[in-house]
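Close look at the chain arrangement
Take a look at the letters that make up each chain.
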Amino acid sequence: MDGKIHYLNTDLDLIGPVDLTPLAEALSARGMFALDEPWQGDDGHWYRRFEISGDVDPDEPEQTIRVMLDAIEAVLAPEGDARAAELWRACTLREFNIGYDCGAEPWAFYQGLSNETLRRLAACGGTLRWTLYPDRE
């Protein structure tokens, strides 16, 4: 660790009542990729986690979340993938998890999301979470 605060990435975490593989395939076709295989928890729910493709390496979450929203909105569009859209709507969690490595510098660190991105995120039923990773040796 270099002791500096910086944005790492944004994960999209989904929890649904059934296997989300058709949704994962639809999102993957639109620039996202699944970080893991589908798995069913002890609670009976199905879990998936996504990021954007490695072709995009943004310094702030705004860019990442916009790419994710483009993919999600394409799935949800009337001409999108009806089965994937149904699975998206059935999810009980649609969480955009913004990750940062933390350190002692800079003294102040500012990043944000525009009202347009927040509007789009809310319109698709998404929620936000921040994960802050401590600076460790």
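Structure's up top.
Just so you know, these numbers come straight off a predicted model, no measurement behind them.

Burial runs high along strand β4 (residues 46-52): 6 of the 7 residues are buried. As paired strands, strand β1 (residues 6-16) and β4 are joined by 5 bridges and run antiparallel to one another. Looking at the pairing, Asp13 lines up with Arg49 of β4. Judged from the 3 bridges that link them, strand β2 (residues 32-34) and β4 form a sheet pairing that is antiparallel. Following the sheet pairing, Met32 is matched in β4 by Ile52. Where strand β3 (residues 39-40) lies against β4, 2 bridges are found, and the strand directions are antiparallel. When the sheet's bridge partners are listed, Gln40 is paired in β4 with Trp46. Where β3 folds back on β4, the antiparallel hairpin that results is connected by 5 residues, among which Gly44 adopts a positive phi of roughly 90 degrees.

What follows concerns the pairing of strand β5 (residues 93-101). Two faces, one strand: in a regular strand the side chains alternate between the faces of the sheet. With 8 of 9 residues buried, β5 is to be regarded as a mostly interior element. Across 9 bridges, the pairing between β1 and β5 is antiparallel. Bridging from a neighbouring strand, Asp11 pairs with Asn97 of β5. Pairing of β5 with strand β6 (residues 127-133) involves 7 bridges; the strand directions are parallel. Paired with Gly99 across the strands is Thr131, a residue of β6. For the handedness criterion, the β-α-β arrangement of β5, helix α4 (residues 115-123) and β6 is classed as right-handed.

The rules we used
- Residues numbered from 1 in each chain as written.
- Predicted model: local features only at pLDDT ≥ 70, side-chain atom pairs only at ≥ 80, totals over all residues.
- Heavy atoms only, no water.
- Buried < 20%, exposed > 50% of the residue type's maximum accessible area, 1.4 Å probe, protein only.
- Helix = DSSP H or I, 4+ residues; strand = E, 2+ residues; numbered from the N terminus.
- Pairing = 2+ DSSP bridges.
- Right-handed = clockwise from strand over helix to strand, strands pointing away.

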